[in-house]
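# Summary of the model geometry
This is what each chain is made of:
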Amino acid sequence: MRIVITGGSGFLGQRLAARLLERGTLAGEDGREQPIEQLTLVDVVPPPLSDDPRVLAVTGDISDPALLRQVISAGTRAVFHLAAVVSGMAEAEFDLGMRINVEATRLLFEACRGAGARPRVVFTSSVAVYGGAFPALVLDSTALNPQTSYGTQKAIGELLLADYSRKGFLDGRALRLPTITVRPGRPNAAASSFASGIIREPLNGQAAVCPVPPEARIWVLSPSTVIDCLIAGHQLPAEALGASRAVNLPGLSVSAGEMVAALERVAGRDVAARVRWEPDARISRMVAGWPGGWDTTRAEVLGFPGDRSFDRIIEAHMRDQPR
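Here is a short report on the structure shown in this document. Positions within a chain are numbered from 1, following the residues in the order the chain's sequence is written. Per-residue local features are limited, in this predicted model, to residues with pLDDT of at least 70; the limit for side-chain atom pairs, both in listing and counting, is 80 or more; totals at the level of whole chains, interfaces and linings are taken over all residues. Calculation of side-chain values draws on the structure's entire complement of heavy atoms; hydrogens and water are dropped beforehand.

### Side note on the overall build of the chain
A count of helical and extended segments in the chain gives 13 helices and 14 strands. The globule rule used for comparison is 2.2 Å times the number of residues to the exponent 0.38, while the radius of gyration itself is calculated over C-alpha atoms. Against the globule reference of 20 Å for 323 residues, the chain gives a C-alpha radius of gyration of 19 Å, in line with a compact fold. In terms of its C-alpha atoms, the chain occupies a principal-axis envelope of roughly 55 × 45 × 40 Å. Here the contacts in the chain between residues at least 6 apart in sequence split such that 76% fall between residues at least 24 apart. Note on areas: Shrake-Rupley with a 1.4 Å probe; residue coverage comes only from the protein chains shown. Accessible surface computed for the chain: about 14000 Å², of which carbon and sulfur atoms make up 51%. Looking at the chain, you have 34 positive and 34 negative side-chain charges, and the mean spots of the two groups are 2 Å apart. In DSSP terms, a helix is any run of H or I states spanning at least four residues, a strand is any run of E spanning at least two, and both are numbered starting from the N terminus. What makes two residues a contact is simply this: any of their non-hydrogen atoms within 4.5 Å. Residues scored as charged are limited to Lys and Arg (positive) and Asp and Glu (negative), so that His and the chain ends carry no count. Charge positions are represented by NZ for Lys, CZ for Arg, CG for Asp and CD for Glu.

Laid out in structure tokens, this is it:
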């Protein structure tokens, strides 16, 4: 089996690649497990060097049709489309967001169509496709009403995926990701970056600023669990998804104040005291437009895993980070 990961040099791309190589197989079109023969990592920056002979690294712009035709072949059986311009940057740089989040996604789907492979395509969408006046509990079927450029671009990607699947050009599934925390490394341009920063930096002995008020709620999932969800999404047969190709992943609804309280329980009062509350109007406005409550019954029935508590997420992050 040949697999392609766009955004293969990124935070999730590297972890997904490692998990797939360790796993060694994925379900084929007939549902039976097939050995992974080649794993192509595509990104604008080179991925870390790998001595695994199954790994092929391709560096380039995913909005380049020639590049996509190079990496998507008749033998491609699975595509994990993770590459994207994150929320804050997509809002600030509209043309860039449209080129990468919309046009490159369409070109990727066109490459799948042109190759005739009909691969399973796992598209990482976002809960940012919702917004405005939403119900107390958001369902998979709740109407999309994005209030940001990023959310709009992801909604367009979902609709394209559904139509290309309907036409039989590919077998797509769109997974709406919550905020992924705790991310290691440096903050990025995502509006939700603070959800990692207010945990990661205090644990590293550094001060952190929370740009939203304590009552602001977000929907979160741990890095390890989201990788499990990406693989589970691929393994699902198309008929299990029914009429809708999009799934809201299980997550935890947690406020910023509850996150800091969990940090205090896990790491102590002195660590939690390193968080300063300095609301930023722009970020607070964006976060206020995100739903806080979800009905994930469908995802759970389909077999997607979730996290037990935010305390467990912090503990897992502490175990995984080198000392």
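### Structural notes on the pattern of salt bridges
Any Lys or Arg side-chain nitrogen found within 4 Å of a carboxyl oxygen on Asp or Glu counts as a salt bridge. This structure, assessed with the given rule, holds 18 salt bridges. The shortest N-O distance in the salt bridge between aspartate 171 and arginine 120 comes to 3.7 Å. With a gap of 51 residues between them, aspartate 171 in strand S8 (residues 171-177) and arginine 120 in strand S7 (residues 120-126) connect regions that are remote in the sequence. Its relative accessible area of 5% is what places aspartate 171 among the buried residues. Partly exposed residues are those whose accessible area sits between 20% and 50% of the maximum for their type, while under 20% is buried and over 50% is exposed, using a 1.4 Å probe and protein chains only. Arginine 120 sits in the buried class, given a relative accessible area of 7%. It is possible to trace a salt-bridge network through shared partners that takes in Arg120, Asp171, Arg173 and Arg245.

### A word on the sheet that holds strand S12 (residues 246-248)
Whether two strands pair comes down to DSSP finding at least two bridges between them. Taken in spatial order, the 7 strands line up as S5-S4-S1-S6-S7-S8-S12 in an open sheet, and their pairing is parallel. Pairing within the sheet leaves two strands with one partner each, and these edge strands are strand S5 (55-59) and S12. Neighbour to neighbour, the strand axes of the sheet diverge by 20° on average, direction disregarded. Both S7 and S8 contribute to a ladder of 7 bridges, which runs parallel. Each axis is a line fitted through C-alpha atoms, and for a helix only the stretch in contact is used; angles between axes span 0 to 180 degrees, taken between their N-to-C directions.

### Let's talk about the environment of isoleucine 231
Along the chain, the position of isoleucine 231 falls in helix H7 (residues 223-235). In this structure isoleucine 231 comes out as buried when scored by relative accessible area, which is 7%. Placed 82 residues apart in sequence, isoleucine 231 and serine 149 show a C-alpha to C-alpha distance of 28 Å. With near-sequence residues (within four places) excluded, isoleucine 231 lies in contact with Leu16, Arg19, Leu20, Arg23 and Leu26.

### Concerning the pairing of strand S6 (residues 76-81)
Summarising burial for S6: 5 of the 6 residues are buried, a large majority. As judged from the 4 bridges shared by S6 and S7, these two strands associate in the parallel manner. Its bridge partner being in S7, valine 79 is matched across the sheet by valine 121.

### Examining the packing of aromatic side chains
Pairing of aromatic rings covers Phe, Tyr and the six-membered ring of Trp, with a centre-to-centre limit of 6.5 Å; geometry is then stacked below 30 degrees between planes, edge-to-face above 60, and tilted otherwise. In this structure the tally under the stated criterion is 4 aromatic pairs. Ring geometry for phenylalanine 109 versus tyrosine 164: centroids 5.6 Å apart, planes at 55°, classification tilted. Separated by 55 residues along the polypeptide, phenylalanine 109 in helix H4 (residues 94-115) and tyrosine 164 in helix H5 (residues 149-166) bring together distant segments of the chain. The structure contains a cluster of three or more aromatic residues connected by ring pairs, namely Phe109, Tyr164 and Phe169.

### Remarks on the nonpolar core
By size, the foremost hydrophobic cluster in this structure holds 33 residues, and its most contacted members are Ile3, Ile5, Leu16, Leu20, Leu26, Phe80 and Phe304. Going through the elements one at a time, strand S1 (2-6), helix H1 (11-23), strand S4 (38-43), S6, S8 and H7 are the ones with two or more residues in this core. Examining the composition of this core, we find that 6 residues originate from one element, H1, more than from any other. Every residue in contact with phenylalanine 80, bar those within four places of it in the chain, is listed here: Ile3, Val4, Ile5, Thr6, Leu16, Leu20, Leu26, Val122, Leu230 and His234. Side-chain atoms within 4.5 Å are what join buried Ala, Val, Leu, Ile, Met, Phe, Trp, Tyr and Cys residues into a set we call a nonpolar core. Counting residues in hydrophobic clusters, the runner-up holds 29 residues, among them Ala195, Cys210, Val212 and Val254.

### Comments concerning the layout of surface pockets
With a 1 Å grid spanning the protein atoms alone, the term cavity applies to any set of points in which a 1.4 Å probe fits but cannot get out, the term pocket to an open set with protein on both sides within 12 Å along at least five of seven lines, and the term lining residue to any residue with an atom within 4 Å of a point. Grid points are joined across faces, edges and corners, and a volume is the space filled by probe spheres set on the points. Taken as a whole, the largest pocket spans an internal volume of roughly 1200 Å³. Around the largest pocket, the lining is made up of 47 residues, and of these Leu82, Ala84, Val86, Arg183 and Asn188 lie nearest the centre. Secondary structure elements with two or more residues in the lining of the largest pocket: H1, H4, S7, H5, strand S9 (179-180) and helix H6 (194-203). The greatest single-element share of the lining of the largest pocket, amounting to 4 residues, is contributed by H1. Under the convention adopted here, Pro, Cys and the residues Ala, Val, Leu, Ile, Met, Phe, Trp and Tyr are nonpolar, Asp, Glu, Lys and Arg are charged, and Gly plus all remaining residues are polar. A breakdown of the residues in the lining of the largest pocket according to their chemical character gives 23 nonpolar, 16 polar and 8 charged. Taken as a whole, the second largest pocket spans an internal volume of roughly 450 Å³. The wall of the second largest pocket is formed by 23 residues, among which Ser222, Pro223, Ser224, Thr225 and Asp320 lie closest to the centre. The set of elements that each furnish at least two residues to the lining of the second largest pocket consists of H1, H7 and helix H13 (310-320). Looking at the lining of the second largest pocket, the element that brings in the most residues is H13, giving 6 residues. For the lining of the second largest pocket, the per-class residue count stands at 8 nonpolar, 6 polar and 9 charged.

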